[in-house]
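If you want the building blocks of each chain, they are given just below.
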Amino acid sequence: MGAEVALKIGSAGGSPSRLNHEYNVYKSIAGSIGTSLVLWYGKEGLYEVIVLEHLGNSLDDLINNKQFDYGKVFSCALQMVCSSYL
């Protein structure tokens, strides 16, 4: 059985595309701690697709499941911002 992945799907129409920009951002921060690895990016019919390594639940999932409150989220955000300047 294969690994779990996350998909981001968007309309391929329009220029520049949001997913193409997002793919370029992922490429530029590749290898950073806590960043998903892009497994594939391309077009399929009318859609653009990014296939990412699935790292686990999103913050939104954790908040909705009452596993994280907003205080913990803001604490994590502060740590992420501060550690990016080191």
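Whatever comes next refers back to the structure up there.
Residues numbered from 1 in each chain as written. Predicted model: local features only at pLDDT ≥ 70, side-chain atom pairs only at ≥ 80, totals over all residues. Heavy atoms only, no water.

## Considerations on the overall build of the chain
Put simply, the rule reads: A run of DSSP states H or I qualifies as a helix once it reaches four residues; a run of E qualifies as a strand once it reaches two. Both are numbered from the N-terminal end. Note on classification: 1.4 Å probe, protein chains only; a residue is buried when its accessible area is under 20% of the maximum for its type, exposed when over 50%, partly exposed between these limits. Contacts between residues were defined by any pair of non-hydrogen atoms, one from each residue, lying within 4.5 Å.
Scanning the chain from terminus to terminus reveals three helices and three strands. Of the regular secondary structure in the chain, the N- to C-terminal order runs β-α-β-β-α-α. Classification of the 86 residues of the chain by burial places 21% in the buried group. Here the contacts in the chain between residues at least 6 apart in sequence split such that 48% fall between residues at least 24 apart.

## What to know about a nonpolar patch on the surface
What counts is decided by this rule: Each patch is built from salt-bridge-free residues with over 30% relative accessible area, joining like charges within 9 Å and nonpolar side chains (Val, Leu, Ile, Met, Phe, Trp, Tyr) within 5 Å. Each accessible area is a Shrake-Rupley result for a 1.4 Å probe, and residues are judged covered by the shown protein chains and nothing else. By convention in these notes, a salt bridge is any Lys or Arg side-chain nitrogen within 4 Å of a carboxyl oxygen on Asp or Glu.
Residues Val5, Leu7, Ile9, Leu37, Leu39, Trp40, Leu46 and Tyr47 make up a contiguous nonpolar surface patch of about 830 Å² in total accessible area. Those elements giving two or more residues to the nonpolar patch turn out to be strand 1 (5-11) and strand 2 (38-44). Following the sequence through the fold, Tyr47 ends up in strand 3 (residues 47-53). A residue is classified by how much of its surface remains accessible, and Tyr47, at 46% relative accessible area, is partly exposed.

## A word on the packing of aromatic side chains
Stated formally: Here a Phe, Tyr or Trp ring, Trp counted by its six-membered ring, pairs with any other such ring whose centre lies within 6.5 Å, and the pair is stacked when the planes are under 30 degrees apart, edge-to-face when over 60, and tilted otherwise.
On inspection of all chains with the given rule, the structure shows one aromatic pair. Arranged with centres 4.5 Å apart and planes meeting at 10 degrees, the rings of Tyr23 and Tyr41 form a pair that is stacked. With Tyr23 in helix 1 (residues 18-28) and Tyr41 in strand 2, this residue pair connects regions lying 18 residues apart in the sequence.

So far we have only geometry, and geometry alone does not tell us how the molecule works.
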